[in-house]
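Chain residues, written in single-letter form:
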Amino acid sequence: MKEKIAALLNEVEQFKADSQENIEAFRIKILGSKGVLKDLFADFKNVPNEQKKEVGQLINELKEKAQDKVNELKNNLTTSEDSAGAIDLTKPGYPTPLGSRHPISLVRKEIIDIFSRIGFTVSEGPEIEDDWHNFSALNFPPEHPARDMQDTFFVKSDDKEMALRTHTSSVQVRIMENTKPPIRTLSPGRVYRNEAISARAHCFFHQVEGLYIAEKVSFADLKQTLLYFAKEMFGEKTEIRLRPSYFPFTEPSAEMDVSCSVCNSKGCNVCKYTGFLEILGCGMVDPSVLENCGIDSKKYSGFAFGMGVERIAMLKYKVNDLRLYSEGDIRFLEQFKSAF
């Protein structure tokens with residue numbers, strides 16, 4: 001029996017395992033309820049009395065070593081698995097997916113950069129405006145359609161009538177009220193209008209409006225400024241056209257079209273098959289607006305313009321549906337990673 005125990009001790013010492021299943025099989029073989037130790041204890045009663053002490057010590061040694069071996073193998077295997085899942089700081093880093101800036105943010109920044117090169121600064125104001133800054137100071141008479149609920153989101157207020165701004169011209173009013181000419185500023189921001197949502201329109205969108213006031217400013221200055229912008233934004237071959245229009249706060253007024261880059265002026269649903277797309281309104285600041293804001297209209301003149309950032313982005317990136325900008329479709333937004 002001593003030889004059998006010695007053989008089992010050697011087997012325990014030599015045993016190795018590379019999985020939890022092998023370790024468990026070994027434990028059951030030696031220490032299980034039907035294992036080798038169970039049989040040794042059963043045969044122990046047949047050992048001569050003079051050998052019982054020695055044999056009993058050998059059996060207990062086998063039990064302890066077998067249990068220690070099982071524990072050691074389990075600990076080593078667990079440590080090895082943990083190390084395999086840990087971060088190895090010596091390895092090259094895995095490529096981390098980068099996000100992308102929204103196309104509206106990219107175009108807004110580009111517009112600001114273009115005009116900043118010719119001296120325009122950036123000014124901002126509140127999105128909830130009072131009647132004076134949003135309408136009255138800009139020559140909107142009380143009966144003007146823009147004051148109607150069909151076009152404007154009005155906000156309930158106890159003391160005065162408020163509305164979500166319909167243009168960033170309200171920021172220009174604040175600048176004129178608090179700044180002495182010369183003034184050369186851009187007013188970017190989100191605006192709101194109660195319009196039906198379609199491929200060409202939305203109830204909220206982003207504008208960048210510009211204002212230049214100084215002595216002897218003419219319509220020729222306005223045209224040259226806008227031509228410079230169009231060529232910088234869309235390319236040297238871009239063509240523009242100015243069409244007479246009407247805005248309460250400018251006189252004379254015009255709308256500017258640029259050649260459609262979505263279809264290369266061949267005609268598409270974006271440009272209504274005309275080859276040109278309207279991108280902004282402009283004009284010479286009405287003298288009464290200057291006077292409303294405390295500027296001497298006999299000494300100073302100026303021009304103003306305003307454009308929708310979404311419309312510019314449609315041309316810039318050849319997007320044919322304005323609604324894509326606000327739907328949050330990751331497949332659409334990921335296309336602009338290269339412009340990050």
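Look up: the structure comes first, before these words.
Note that residues are indexed from 1 along each chain, following the sequence as it is written. Given that the model is predicted, a residue must reach a pLDDT of at least 70 before its local features are reported, and side-chain atom pairs must reach 80 or more before they are shown or counted; all residues, however, enter totals for whole chains, interfaces and linings. Side-chain numbers come from the whole structure's heavy atoms, not from hydrogens or water.

Structural notes on the pattern of salt bridges
Thinking step 1. A side-chain nitrogen of Lys or Arg and a carboxyl oxygen of Asp or Glu constitute a salt bridge if their distance falls within 4 Å. On inspection of all chains with the given rule, the structure shows 16 salt bridges.
Thinking step 2. In this structure, the salt-bridge partner of glutamate 129 is arginine 174, at a minimum N-O distance of 2.9 Å. Here the residue glutamate 129 occupies a position in strand β2 (residues 128–130), and arginine 174 occupies one in helix α7 (residues 169–178), the gap between them amounting to 45 residues.
Thinking step 3. Connected through shared salt-bridge partners, Arg241, Arg243, Glu255, Asp257 and Glu278 make up one network. Numbering of helices and strands runs from the N terminus, with a helix taken as a DSSP run of H or I at least four residues long and a strand as a DSSP run of E at least two residues long.

Comments concerning empty space enclosed by the protein
Thinking step 1. Definitions used for this entry: grid spacing 1 Å over protein atoms alone; cavity, a set of points where a 1.4 Å probe fits but cannot get out; pocket, an open set with protein on both sides within 12 Å along at least 5 of 7 lines; lining residue, one with an atom within 4 Å of a point. Grid points are joined across faces, edges and corners, and a volume is the space filled by probe spheres set on the points. Under the defined criterion, the tally for this structure stands at one cavity of 30 Å³ or more.
Thinking step 2. Each pocket or cavity is described by its volume, and for the largest cavity that value is around 60 Å³.
Thinking step 3. Lining the largest cavity are Leu138, Ser169, Gln172, Met176, Leu211, Phe249, Thr250, Val285, Val289 and Ala304.
Thinking step 4. Polarity classes work like this: nonpolar for Ala, Val, Leu, Ile, Met, Phe, Trp, Tyr, Cys and Pro, charged for Asp, Glu, Lys and Arg, and polar for all others, with Gly in that last group. Looking at the lining of the largest cavity residue by residue, the classes come out as seven nonpolar, three polar and no charged.

A closer look at the environment of arginine 323
Thinking step 1. In this structure, arginine 323 sits in the loop between α10 (309–317) and α11 (330–333).
Thinking step 2. Polar contacts, as counted here, are pairs of nitrogen or oxygen atoms within 3.5 Å of one another; within protein the pair requires one atom able to donate a hydrogen and one able to accept it, and residues that are adjacent in sequence qualify only if both atoms are side-chain atoms. Here aspartate 321 takes part through its side chain, which lies 2.8 Å from a polar atom of the side chain of arginine 323.

Focus on the environment of isoleucine 104
Thinking step 1. Secondary-structure assignment places isoleucine 104 in helix α5 (residues 103–116).
Thinking step 2. A sequence separation of 13 residues divides isoleucine 104 from arginine 117, and the C-alpha atoms of the two residues are 20 Å apart.
Thinking step 3. Beyond its immediate chain neighbours, meaning those up to four positions away, isoleucine 104 contacts His206, Val309, Glu310, Ala313 and Tyr325. We call two residues in contact when some of their heavy atoms are within 4.5 Å.

Structural notes on α10
Thinking step 1. Counting buried residues in α10 gives seven out of nine residues, a clear majority hidden from the surface.
Thinking step 2. We call a residue buried when its accessible area falls under 20% of the maximum for its residue type, exposed when it is over 50%, and partly exposed in between, using a 1.4 Å probe and counting protein chains only. Residues of α10 that are buried include every one of Val309, Glu310, Arg311, Ile312, Ala313, Met314 and Leu315, and no others.
Thinking step 3. Packing partners of the buried residues in α10 comprise α5, β6 (204–214), α8 (219–234), β8 (250–259), β9 (276–285) and β10 (301–308).
Thinking step 4. Count one or two residues on from α10 and you reach lysine 318, which has phi positive near 60°.

Brief notes about the layout of surface pockets
Regions of empty space are outlined by a rolling probe, equal in size to a water molecule, passed over the atoms.
Thinking step 1. Space inside the largest pocket adds up to approximately 1100 Å³.
Thinking step 2. Lining the largest pocket are 44 residues; nearest its centre among them are Arg193, Phe205, Gln207, Phe247 and Glu278.
Thinking step 3. Listing elements by their share of the lining of the largest pocket, those giving two or more residues are α7, β6, β7 (240–247), β8, β9, β10 and α10.
Thinking step 4. Examining the composition of the lining of the largest pocket, we find that seven residues originate from one element, β9, more than from any other.

Notes on helix α3 (residues 36–43)
Thinking step 1. Among the residues of α3, those classed as buried are Val36, Leu37 and Leu40. Considered in projection along α3, the buried side chains sweep an arc of 95° and stay on one side of the axis. In this context, the arc is that of the directions from the helix axis out to the C-beta atoms.

A closer look at the nonpolar core
Thinking step 1. If you look at the biggest cluster of nonpolar residues, it comprises 44 residues, and the most contacted ones within it are Ile111, Phe229, Phe305 and Met307.
Thinking step 2. For this core, the elements supplying multiple residues, two or more each, are α5, β6, α8, β8, β9, β10, α10 and α11.
Thinking step 3. With seven residues, the single largest contributor to this core is α5.
Thinking step 4. Once residues within four sequence positions are removed from consideration, phenylalanine 229 is found in contact with Ile111, Ile114, Phe115, Ile279, Met307 and Ile312. What we call a nonpolar core is a set of buried Ala, Val, Leu, Ile, Met, Phe, Trp, Tyr and Cys residues that are connected through their side-chain atoms within 4.5 Å.

Some details on the sheet that holds strand β3 (residues 154–155)
Thinking step 1. Two strands qualify as a pair provided that DSSP identifies no fewer than 2 bridges between them. The sheet built from three strands is open, its strands ordered β2-β4-β3 with antiparallel pairing. At either margin of the open sheet sits one strand with a lone partner, and together these are β2 and β3.
Thinking step 2. Where β3 meets strand β4 (residues 162–164), two bridges bridge the pair, whose relative direction is antiparallel. Its bridge partner being in β4, valine 155 is matched across the sheet by methionine 162.

Concerning the pairing of β10
Thinking step 1. The element β10 is extensively covered by neighbouring structure, given that seven of its eight residues are classed as buried.
Thinking step 2. As judged from the eight bridges shared by β6 and β10, these two strands associate in the antiparallel manner. Opposite glutamate 209, over in β10, you have glycine 306 as the bridge partner.

Let's talk about the pairing of β9
Thinking step 1. Of all 10 residues in β9, nine are buried, a share of seventy percent or more.
Thinking step 2. Across eight bridges, β8 lies against β9 in antiparallel orientation. What sits directly across from glutamate 255, in β9, is glycine 281.
Thinking step 3. With five bridges joining them, β9 and β10 adopt antiparallel strand pairing. Its bridge partner being in β10, leucine 280 is matched across the sheet by methionine 307.

Concerning the sheet that holds strand β5 (residues 183–192)
Thinking step 1. Pairing within the open sheet is mixed, and its seven strands lie in the order β1-β5-β6-β10-β9-β8-β7. Each edge of the open sheet carries a strand with a single partner, namely β1 (121–122) and β7.
Thinking step 2. Where β1 meets β5, two bridges bridge the pair, whose relative direction is parallel. In the strand pairing of β5, threonine 121 is matched with threonine 185.
Thinking step 3. Between N-to-C directions, angles span 0 to 180 degrees; the directions come from axes that are lines fitted to C-alpha atoms, helices contributing only their stretch in contact. Its contacts with the sheet place α5 against β1, β5, β6 and β10, and it is angled at close to 165° to β5.

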